[in-house]
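# Structural features, examined
Here's the letter readout for the chains.
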Amino acid sequence: MDLGISGKTALVCASSKGLGRGCAEALAAAGVNLVLNARGTDALEATAAEIRARFGVQVTTVAADVATEEGRARLLDAAGSVDILVTNAGGPPPGLWSDWDRDDFIKALDANMLAPIALMKALLPGMIAKGWGRVVNITSGSVKAPIAQLGLSNAARAGLTGYVAGTARQVAQHGVTINNMLPGIHATDRAISLDTGVATAQGIDMATAKAQREATIPARRYGTAEEFGATCAFLCSQHAGFILGQNIVLDGGAINATI
């Protein structure tokens, strides 16, 4: 299927690895030029070089922390006018409700709510002026079904979801769509981190911890960055103009809900 977005430009956050990279690669396969962002320079440059070699698209890299005003300013200055924005950030650490204080919540909000909102506020006017734009926010399945030990993530990502619900309906008339993708467990560094936590807490090995979590997924496996990226690319395509303000769950059926 021709996605109809060849030659457009996408800014993809946290895209040196994991789900962000999966989205970047799928967009590049559709002919989209990229502005890639991550905090670590080495992994970011390696990813950019591989994408250039595989897909022949233009790739600009900006090593910066988008949770900070300075980092966002450098990223937006380098990106210029973009047609597609994919926001993404690693989740805050797990813990108990009693573990977190105000500073912990502020850090979570800065990374997983306020940074995506700031990027949207900066880039939506340009999309509206062109009469076309796509925004995809990578959030979490915990927005739909809260995960007890991920209270920081639950709170920050739910706040972003509420913001998107209203904003998406205000900009849709201008040909701009905003949607959220809610991943369940995918085979990324985040899964390794969470599996490590389970293994440590229960005194079991990593293979057993992973097997336990896979057993909770009807698909009986973790998702892949490639299939996640393919969904992202479709939401950014010319075919998805009537999908807006939605929270699309990609979790192998783990969340047991009818709606």
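Everything that follows concerns the structure shown earlier in this document.
In short, a report on the structure. Each residue is numbered by its place in its chain's sequence as written, counting from 1. Whole-chain, interface and lining totals are the exception, using all residues; otherwise, since this is a predicted model, local features are given only for residues with pLDDT of at least 70 and side-chain atom pairs are given and counted only at 80 or more. Where side-chain values are given, they derive from all heavy atoms of the structure, hydrogens and water being excluded.

Here we take up the overall build of the chain. The helix count covers DSSP runs of H or I at least four residues long, the strand count covers runs of E at least two residues long, and both are numbered beginning at the N terminus. Helices and strands together make up the secondary structure of the chain, namely 8 helices and 7 strands. Computed over its C-alpha atoms, the radius of gyration of the chain comes to 18 Å, within 12% of the 18 Å expected for a compact globule of 259 residues. In terms of overall dimensions, the chain has a C-alpha envelope of 55 × 40 × 40 Å along the principal axes. Residue exposure (1.4 Å probe, protein chains only): buried if accessible area is under 20% of the type maximum, exposed if over 50%, otherwise partly exposed. Relative to its full complement of 259 residues, the chain shows a buried share of 46%. Throughout, a residue-residue contact means that at least one pair of heavy atoms, one from each residue, lies within 4.5 Å. For the chain, restricting intrachain contacts to residue pairs at least 6 apart in sequence, the fraction spanning at least 24 positions comes to 72%. Surface summary for the chain: the accessible area is close to 12,000 Å², and the carbon and sulfur share equals 55%. The centroid of the 21 positive side-chain charges in the chain is displaced by 6 Å from the centroid of its 22 negative side-chain charges. Both definitions apply: the radius of gyration is a C-alpha atom measure, and the globule rule equals 2.2 Å times residues to the power 0.38. Here the open area of atoms and residues is found with the Shrake-Rupley method and a 1.4 Å probe, where only the protein chains shown may cover a residue. Under the convention used here, Asp and Glu are negative, Lys and Arg are positive, and both His and the chain ends fall outside the count. In plain terms, the charge of a residue is placed at NZ if it is Lys, CZ if Arg, CG if Asp and CD if Glu.

The next subject is helix H5 (residues 151-171). If you check H5, its first and last C-alpha atoms are 30 Å apart, about what 21 residues at 1.5 Å a residue would give, namely 30 Å. When we look at burial in H5, the residues that qualify are Gly151, Leu152, Ser153, Asn154, Ala156, Arg157, Leu160, Thr161, Val164, Thr167, Ala168 and Val171. The elements touched by buried residues of H5 are helix H4 (102-130), strand E5 (133-138), strand E6 (176-183) and strand E7 (247-250). Each residue after the first adds 1.5 Å to the expected span of a helix.

Attention shifts here to the sheet that holds strand E4 (residues 84-87). Two strands form a pair only when DSSP identifies at least two bridges running between them. Judged by pairing direction, the sheet is parallel, and its 7 strands sit side by side in the order E3-E2-E1-E4-E5-E6-E7 without closing on themselves. Strands at the two margins of the open sheet, each flanked by one partner only, are strand E3 (59-63) and E7. When the angles between neighbouring strand axes are averaged without regard to direction, this sheet yields 15 degrees. Pairing analysis gives 5 bridges linking strand E2 (residues 33-38) to E3, with the strands arranged parallel. Within E3, the position partnered with Asn37 by the bridge is Val62. In this description, a line fitted to the C-alpha atoms serves as the axis of each element, helices being fitted only across the stretch in contact, and the angle between N-to-C directions of two axes falls anywhere from 0 to 180 degrees. Strands strand E1 (9-12), E2 and E3 of the sheet are contacted by helix H3 (residues 69-79), whose axis makes an angle of about 165 degrees with E3.

For this analysis, a nonpolar core means a set of buried residues of the types Ala, Val, Leu, Ile, Met, Phe, Trp, Tyr and Cys, connected via side-chain atoms within 4.5 Å. Ranked by internal contacts, the top residues of the largest apolar core, which has 32 residues, are Ile5, Val12, Leu27, Leu34, Leu36, Ile51 and Ile84. Among the elements of the structure, E1, helix H1 (18-29), E2, helix H2 (41-55), E4, E5 and helix H8 (225-235) are those that each provide at least two residues to this core. Counting residues per element, this core draws most heavily on H1, at 6 residues. Residues contacting Ile5, with those up to four places away along its chain left out, are Leu27, Ala30, Gly31, Val32, Ile84, Trp132, Ala233, Cys236, Ser237 and Gln238. In this structure, Cys13, Leu119, Leu123 and Ile178 belong to the second largest nonpolar core, which totals 24 residues.

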